[in-house]
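Notes for the structure review
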Amino acid sequence: MVKQMNATLSGKEHSPLLMLPSMVDELPNGFESGDFFALDMGGTNFRTVYVKLSDKHGEMDDLKMDEFPIEDSMHHVPADELFDFMAGKLVAFADQIGKKPKPGSMPVVGFCFSFPLRQLSVNHGTLIKWNKGFTNENAVDEDPTELLEAALARQGMQARVMSLVNDTVATLAACRYQDQDTMLGVILGTGSNGAYVECSERVHNASKKLPPGTNMIINCEWGNFTTAALPMIDEDKGIDADSVNPENQHFEKMTAGLYMGEIARRIILRLAEEGGLFGRRIPSGLQAQGSLTTPQMSKIDHDMSTDLLKTADILQEAFGLAVDQITLESTQVVQEICHLVGWRAGRLKSTAISGVMRQLDRDNGTRTVVGVDGGVFEHYGHYREAMKEGLNEVMGKKAADSVEFRHVNDGSSLGAAYLAAAAVRIDSPRDSEGSQNDWEKENRGLQEGPSTPNKTGGGKSKNGGSPNGTD
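As the structure is a computational prediction, the values presented were derived from the model and not from experiment.

So, about the sheet that holds strand β13 (residues 403-407). Strand order in the open sheet made by the 6 strands is β1-β11-β10-β9-β12-β13, with mixed pairing throughout. Pairing within the sheet leaves two strands with one partner each, and these edge strands are β1 (20-21) and β13. Taken together, the 5 bridges between strand β9 (residues 182-188) and strand β12 (residues 368-373) define a ladder with parallel strand orientation. Looking at the pairing, Leu184 lines up with Val370 of β12. Set on the sheet, helix α4 (residues 167-178) makes contact with β9, β10 (192-199), β11 (215-219), β12 and β13; between it and β9 the angle comes to about 135°.

Structure representation (structure tokens):
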């Protein structure tokens, strides 16, 4: 994995690891303060966020969120209509919580946009392609920051989008706001990805030359990692062949929430067909792709009920098994399968984290915090245990004990806001101790306008030109 990381970072070779420079070279340090909005756009839902950061280091005075479904019909409308829909929700949210911007003010917005981007700066980029079922016209090769700012303007809100990031980078930033030893952000949910803080001297695949002695967050896109050493079984190969993206995302398909339940189902089906696990009859539900979900698999793995009655209930619910087909022996076999699928996934995930630790020269006992968001990490206890066991084996107990996993609730939403706040801090005059001066305290994150417009509505960022960017 480390070889592939450095091959792509060199800018001279390609590897399955995309190693995308996020152009985020400044992370929150806890000295940010003020009022900020964020919009977090995922595949099925999006969130509107308001956060008031305290003058006290690393503290928050207020947090409000709302969540809205993105209806299937919105996946296919023109891009302007999609962005108008989201902008309208953000404006209505601001009004609802009593934070409607005053005339002449320009609220600062962070934008978590978890789609493939060609990153140009911390708040600018162009959409490479849609995924997650979106096909909206007039968005590919366009800048989501400009699309959102224009949509907000049509709704009567002149705003500055100061960060454009994906969920993994945002999770790292959210954890870093609380703990400066955070070096890695990880998503462990439906999908999986990692982002980490890399030194600029190693990054030669960015859109522009980076100043020496600085850092850059790298979005690994490690779901696409593959190697001959990956322990793929027939069920893994079948899932890959039947997927919408065969020969891609092998690592994700072996470790993420979207796939683990299906891996277990296919193994159970093989034992039913070849070993008569449930007798002579094989119910149609067991043959149906996706009939066993990862949450169900996790419940089976953790079942401590007498005679595994909870597992039996799930088998009836998921596969339509008759009561006379389920024995204690069959439920024990199913539980062992579910446990091994989750255990393998957690251990594989630990190798990716160990690879990043080695890349960072932090596999030596240096305290390192890993910020993690996602339902698999939050709810699947045996998965977390397998990750820790894997780290112990690969790194040694002393080094593994120095790695601290921290669950970051709402990491993608908060991280986008924190990165926007960091951009304001960088743009603003500072005193010698790094705290905000009177100008910044008075503005509290609501930049007074109007100003000479540029892509982001004014101002100059550390990255040069506009204060906007992307992930």
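Another aspect to go through is the side chain of Thr8. Assignment of secondary structure puts Thr8 in helix α1 (residues 2-9). For Thr8, a relative accessible area of 9% puts it in the buried group. A polar atom in the side chain of Thr8 sits 2.7 Å from the side chain of Ser15. Those residues within four positions of Thr8 in sequence are excluded, and the remaining contacts are Glu13, His14, Ser15, Leu17, Leu18, Met19 and Asn205.

Before going further, it helps to examine the packing of aromatic side chains. Within the structure shown, the criterion is met by 15 aromatic pairs. For the pair Phe113 and Phe115, a centre-to-centre distance of 4.9 Å together with 50° between the ring planes defines the contact as tilted. As far as the burial class goes, Phe113 and Phe115 line up, both buried. Looking at Lys132, its charged tip hangs above the ring of Phe115, at a distance of 4.8 Å from the centre. Arg384 extends its terminal NZ or CZ atom over the ring of Phe377, reaching a point 5.8 Å from the ring centre.

This part takes up the confidence of the model for the protein chain. Averaged over the protein chain, the pLDDT score is 88; the fraction of residues at 70 or greater is 91%. The lowest-confidence element of the protein chain is helix α16 (residues 438-443), averaging 33 in pLDDT; the highest-confidence one is helix α9 (residues 294-301), averaging 98. Low pLDDT, under 50, characterises residues 429-471; the stretch is placed with 136 contacts to residues that sit more than four places away or in other chains.

Scoring rules and cut-offs
- Note on numbering: residues in each chain are counted from 1, in written sequence order.
- Side-chain atom pairs in this predicted model are given and counted only at pLDDT of 80 or more, local residue features only at pLDDT of at least 70, and totals for whole chains, interfaces and linings cover all residues.
- Neither water nor hydrogens contribute to the side-chain values; these are computed over all heavy atoms in the structure.
- Two strands pair under a simple rule: DSSP has to find at least two bridges between them.
- Numbering of helices and strands starts at the N terminus; helices are DSSP runs of H or I of at least 4 residues and strands are runs of E of at least 2.
- By definition in these notes, contact holds between two residues if any of their heavy atoms fall within 4.5 Å.
- As a rule, the C-alpha atoms of each element are fitted with a line to give its axis, helices using only the stretch in contact, and angles between N-to-C directions run from 0 to 180 degrees.
- In this scheme, a residue with accessible area under 20% of its type's maximum is buried, one over 50% is exposed, and one in between is partly exposed, where area comes from a 1.4 Å probe on protein chains only.
- N or O atoms closer than or at 3.5 Å make up a polar contact, with two conditions inside protein: a donor-capable atom paired with an acceptor-capable one, and, for residues adjacent in sequence, both atoms drawn from side chains.
- Two rings from Phe, Tyr or Trp (for Trp, the six-membered ring) form a pair when their centres sit within 6.5 Å of each other. Planes less than 30 degrees apart are called stacked, planes more than 60 degrees apart edge-to-face, and all others tilted.
- A ring has a charge above it when a Lys NZ or an Arg CZ is no more than 6 Å from the ring centre and no more than 35 degrees off the ring normal.
- A residue's pLDDT is simply how confident the predictor is in it, with values from 0 to 100.

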